[in-house]
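Topology and contacts: notes
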Amino acid sequence: MRNIVVTGALLALVALPVRAQQTGPIIMKGGSHSPVPDPTFAVPTDLTYKVAWDIRVGAPKPGEPNAAFEVPARFLNQSVGIGVPRTNVQIAVVVHGTAGEELLNNDEYRSRKGVDNPNIALLDEMSRAGIRIIICGQTVAARKMPREKILPFVEVSPSAAWAHAVLQKQGYTLNPF
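Residues numbered from 1 in each chain as written. Predicted model: local features only at pLDDT ≥ 70, side-chain atom pairs only at ≥ 80, totals over all residues. Heavy atoms only, no water.

1. Some points on a nonpolar patch on the surface
- A contiguous nonpolar patch, built from F41, V43 and I82 and spanning about 320 Å² of accessible area, is present on the exposed surface.
- Looking at where I82 falls in the secondary structure, it is placed in the loop between α2 (70–81) and β2 (89–95).
- Classification of I82 as partly exposed rests on a relative accessible area of 48%. (Patch = residues over 30% accessible without salt bridge, like charges linked within 9 Å, V, L, I, M, F, W, Y side chains within 5 Å. Areas by Shrake-Rupley, 256 points an atom, 1.4 Å probe, with all protein chains shown as cover. Salt bridge = Lys/Arg side-chain N within 4 Å of Asp/Glu carboxyl O. Helix = DSSP H or I, 4+ residues; strand = E, 2+ residues; numbered from the N terminus. Buried < 20%, exposed > 50% of the residue type's maximum accessible area, 1.4 Å probe, protein only.)

As structure tokens, then:
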């Protein structure tokens, strides 16, 4: 009887669907990239990657998307494309300076800039994909950004410097671009 139960359990495990490694993009609203066939610099797929970006410059004109937000989205999309498991990639984005206002909700952005915030869809999708978006509290204060007007998924740090210090202690590397 015991052998039948064990055999049944093993057969049930074999019958479970195998979840394939995701190879397509995770972020659909941005982060496009070109596949590189046969790269000569190998990216180990069994390591954990914790990467932070520092974004301090806003888009050149109100109503234009900030191209800097594309870079961490591209990194995430590339990672699954080259075979790094999604669970092995952790991303944080620290925003300050003129880029800070791009984390405002649409009503507040429109009242300040006269146009809709073109960054919201990408930022929302990045957040839902697990990318941490952190704003500098000094930017919030200097630019008089009420917390309730900041996108709800954005974390507020005492400063960009503190956000980077904590992320570094947590093992994140700062991406230089």
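From this point, things continue past the structure.
2. Observations regarding the packing of aromatic side chains
- Counted by the stated rule, this structure contains one aromatic pair.
- Plain terms: the ring middles of W53 and F75 are 5.4 Å apart, the flat faces sit at 65° to each other, and that makes the pair edge-to-face. Taken together, the residues span a long stretch of sequence, with W53 in strand β1 (residues 49–55) and F75 in helix α2 at a distance of 22 residues.
- On the basis of relative accessibility, which here comes to 2%, the residue W53 falls in the buried class. (Phe/Tyr/Trp six-rings, centres within 6.5 Å; stacked < 30°, edge-to-face > 60°.)

3. Observations concerning the sheet that holds β1
- Spatially, the five strands line up as an open sheet ordered β4-β3-β2-β1-β5, and their pairing is parallel. Whereas interior strands pair on both sides, the edge strands pair on one side only; in this sheet they are β4 (155–157) and β5 (173–174).
- Each of β1 and β2 touches α2; the most contacted strand, β2, lies at about 175° to it. (Pairing = 2+ DSSP bridges. Contact = heavy atoms within 4.5 Å. Axes fitted to C-alpha atoms, helices over the stretch in contact; angles between N-to-C directions.)

4. Regarding the confidence of the model for the protein
- In this model, the protein carries an average pLDDT of 89, and 86% of its residues clear a pLDDT of 70 or more.
- Every residue in residues 4–20 is under pLDDT 50, and counting partners more than four places away or in other chains gives zero contacts. (pLDDT = per-residue confidence, 0-100.)

5. Re the layout of surface pockets
- Within this model, the largest pocket holds a volume of roughly 530 Å³.
- Lining the largest pocket are 17 residues, and of these F41, V43, Q78, S79 and I82 lie nearest its centre.
- Top contributing element to the lining of the largest pocket by residue count: α2, with four residues.
- Looking at the lining of the largest pocket residue by residue, the class counts come to twelve nonpolar, five polar and no charged. (1 Å grid on protein atoms, 1.4 Å probe; cavity = no way out; pocket = protein on both sides within 12 Å on 5 of 7 lines; lining within 4 Å. Points joined across faces, edges and corners; volume = space filled by probe spheres on them. Nonpolar A, V, L, I, M, F, W, Y, C, P; charged D, E, K, R; others polar.)

6. Remarks on the side chain of E125
- Along the chain, E125 falls in helix α4 (residues 120–128).
- Contact partners of E125, with chain neighbours within four places excluded, come to I26, I27, M28 and K29.

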